[in-house]
Amino acid sequence: MTDTGHVNLEQFMEGVKRRNPGQNEFVQAVQEVAEDVFDFIQDKNEYHEYQILRRIAEPDRVVSFRVCWEDDNSNIRVQRGWRVQNNNAIGPYKGGIRFHRDVNESILKFLAFEQTFKNSLTGLPMGGGKGGANFNPKGKSDHEVMRFCQSFMTELYRHVGQDIDVPAGDIGVGAREIGYMFGQYKRITNEFTGVLTGKALEYGGSLIRSEATGYGAVYFLQDMLARVGNSIEGKSCVVSGSGNVATHVVEKINQLGGRVVTLSDSGGFVYDPDGIDQEKLRWVKEHKTRHRGRIADYVKEFKNAEFYQGMRPWSVKCDLALPCATQNEINGEDARTLIKNGCIGVSEGANMPTNLDGVHAFKGAKILFAPGKAANAGGVAVSGLEMSQNSARISWKEEDLQQLLVDIMKQIHDSCVEFGGTPGSEHIDYVRGANIAGFIKVADAMLAYGVV
Ligand code: NDP
């Protein structure tokens, strides 16, 4: 290492691993960004001297707290909650809340780190954060979920605020949970402010927020295909997940003339050779969201479909793939299977669904590969627009918001093209483009502040 803090990538990653023992997801997310950013900042001394990447990879703070609640049988239950405030160089911390049995600090730190770059890419003034709890909402009654959300917010309210940190939904946190948390925040603070996004329309939510992540991931895919003279029309698509992001991905692909043949959940995946049309999708939404059912039941309703228990859908032959469930659901072998079967484009609706081996496989094969921090940024972009509407106490029209979403996704695509080009080739490395474009804005704001 030199006096100015010049370390190479390997030395930098050694330090990240040493300081974050056992936090594999966080180390993975940092490595994916560092591989591209190190190359880019080679000849940019200021970024080294001011230790910019090292500072972005150290959250501003991690708040961890106990969440006690009482279940319907009067048992006292204890969960752990967190809020990771990663970086607020360009705006208030912003990022979702995840309720899932397996949530831990490593997962939330990786998500908050990713969110910092994603929010920067949207062009809106939002820093990066993420939160959650190791609470499993599956099988809980509405009242149990309500008591948990109230208890969670009873601590969280101290750390958030419309100009400080504005959480939203994520896995296991949808309109119901946001409603309970917003209600508790309002009760404790006696304030009606836009402290959460993803709210229902009646109390300050924005039109198209629930559609935005899924639609945006498809718009990004459309932009990548258009650049090489291709389109979604007539393409066979494999989608994982069956929650908010996945179902809106299917809806948009159907509208654009593509055909989706799979959906999944943590129990396995369904393959429907006839395609999951809007009618079948309505059933999925009703079954998964309203009745909190399992995707396995799809085959009872639609007889031509097959269910593959405990499996992921990447062996199904397709033109396009959209992972929309969770992190690390595509490994190197899955990626190579997709490539071998002729897949030409992947758009990540989920956060970091492809592991590093898989990312390297997609990059090596030079297929169109959109990383989550670019492809799924439509959700947080519309959350940013929800914040603006709340501050001004107005509601924008649906057609205006739809157009803004299309425009923002196109602008993110174009930023990736600007920084992801390879000399002498038409190919765009969208991972590199997203990492560098997201980094520059945050890094330059940090330089302006000096060492703080
Ligand atoms: P939902 O809770 O609505 O749906 C999650 C889906 O993923 C469910 O089908 C769930 O199945 C499945 N899933 C969760 N964990 C696993 C697992 N370990 N293995 C297999 N399947 C799993 O969440 P969202 O649709 O909102 O989020 C999906 C992804 O998109 C996440 O990575 C999230 O971070 C990302 N994202 C979401 C945004 C949003 O606006 N909602 C914004 C940007 C990114 P089951 O029902 O069995 O649990």
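Q: Can you tell me about the sheet that holds strand 9 (residues 306–309), naming the residues and giving the values?
A: Here 7 strands make up an open sheet; going across it, the order is 9-8-7-6-10-11-12 and the pairing mixed. With one partner strand each, in any of the chains shown, strand 9 and strand 12 (368–370) form the two edges of the open sheet. For this sheet the average axis-to-axis angle between neighbouring strands, irrespective of direction, equals 15°.

Q: Go over the site of the ligand with me, naming the residues and quoting the values.
A: The environment of the ligand is formed by 26 residues, the closest being Asp170, Thr213, Ser266, Arg294 and Asn351. Aspartate 170 places a polar side-chain atom, nitrogen or oxygen, 2.6 Å from an oxygen atom of the ligand. Lysine 288 is positioned with one of its side-chain polar atoms (N or O) 2.9 Å from an oxygen atom of the ligand. If the ligand stood free it would expose 890 Å²; the protein chains cover 84% of that surface. Secondary-structure elements contributing two or more residues to the shell around the ligand are helix 8 (209–227), helix 9 (244–255) and strand 7 (259–265). Residue composition of the shell around the ligand, grouped by class: 5 nonpolar, 13 polar and 8 charged.

Q: Could you give me a rundown of the packing of helix 5 (residues 105–121) against helix 17 (residues 430–449), with the residues and numbers involved?
A: The contact between helix 5 and helix 17 brings their axes to 8 Å, and the two run at 85°. In terms of axis orientation, helix 5 runs roughly perpendicular to helix 17. Between helix 5 and helix 17, the residues in contact are Thr116, Phe117, Ser120 and Leu121 and Ala434, Asn435, Ala437, Gly438, Phe439, Lys441 and Val442, respectively. Classifying every residue of the contact of helix 5 with helix 17 gives 6 nonpolar, 4 polar and 1 charged.

Q: Kindly report on the pairing of strand 4 (residues 127–133), identifying the contributing residues and their values.
A: Of all 7 residues making up strand 4, 7 are buried, and the element is well covered by its neighbours. Every second residue of strand 4 is oriented toward a common face, with Gly127, Gly129, Gly131 and Ala133 on one face and Gly128, Lys130 and Gly132 on the other, all of them buried. As paired elements, strand 2 (residues 76–87) and strand 4 share 6 bridges and run antiparallel to each other. Considered in strand 4, the bridge of valine 84 is made with lysine 130. Taken together, the 5 bridges between strand 3 (residues 93–99) and strand 4 define a ladder with parallel strand orientation.

Q: Summarise the side chain of serine 242; cite the residues concerned and give the values.
A: Structurally, the position occupied by serine 242 is in the loop between strand 6 (236–239) and helix 9. The residues contacting serine 242, other than those within four sequence positions of it, are Thr247, Leu263, Ser264, Asp265, Val284, Lys288 and Ile295.

Q: Quick one: what's the story with the packing of helix 2 (residues 24–41) against helix 5, residue by residue and with numbers?
A: The description of two helices packed together rests on the angle between their axes and the distance between the axes. Interhelical geometry of helix 2 versus helix 5 gives an angle of 25° and a closest axis separation of 6 Å. The pairing of helix 2 with helix 5 is recorded here as roughly parallel in orientation. For the pair helix 2 and helix 5, the contacting residues are Asn24, Glu25, Phe26, Ala29, Val30 and Val33 in the first and Ser106, Ile107, Lys109, Phe110, Phe113, Glu114 and Phe117 in the second. Grouping the constituent residues of the contact of helix 2 with helix 5 by class yields 8 nonpolar, 2 polar and 3 charged.

Q: Explain the domain arrangement of the chain to me, using residue names and the numbers behind them.
A: Segmentation of the chain into domains returns domain 1 (3–56), domain 2 (61–193) and domain 3 (211–370). Taken together, the 9 residues of domain 1 in the interface contact 11 residues of domain 2. Taken together, both faces of the contact between domain 1 and domain 2 bury some 1,000 Å²; the carbon and sulfur share is 64%. By the criterion of area lost to domain 2, the three top residues of domain 1 are Glu25, Phe26 and Ile56, representing 52% of everything that side buries. Applying the counting rule to domain 1 against domain 2 returns 0 salt bridges. Counting across the interface, domain 1 meets domain 2 through 5 residue pairs in polar contact (both at pLDDT 80 or more). If you tally residues by element for the side of domain 1 that touches domain 2, the top one is helix 2, at 6 residues.

Definitions and limits used
- Residues numbered from 1 in each chain as written.
- Predicted model: local features only at pLDDT ≥ 70, side-chain atom pairs only at ≥ 80, totals over all residues.
- Heavy atoms only, no water.
- Pairing = 2+ DSSP bridges.
- Helix = DSSP H or I, 4+ residues; strand = E, 2+ residues; numbered from the N terminus.
- Axes fitted to C-alpha atoms, helices over the stretch in contact; angles between N-to-C directions.
- Near = heavy atom within 4 Å.
- Polar contact = N/O pair within 3.5 Å; in protein donor to acceptor, adjacent residues only side chain to side chain.
- Areas by Shrake-Rupley, 256 points an atom, 1.4 Å probe, with all protein chains shown as cover.
- Nonpolar A, V, L, I, M, F, W, Y, C, P; charged D, E, K, R; others polar.
- Parallel < 35°, antiparallel > 145°, perpendicular 65-115°, else oblique.
- Contact = heavy atoms within 4.5 Å.
- Buried < 20%, exposed > 50% of the residue type's maximum accessible area, 1.4 Å probe, protein only.
- Domains from an automatic or database assignment.
- Buried area = accessible area lost by both parts, 1.4 Å probe.
- Salt bridge = Lys/Arg side-chain N within 4 Å of Asp/Glu carboxyl O.

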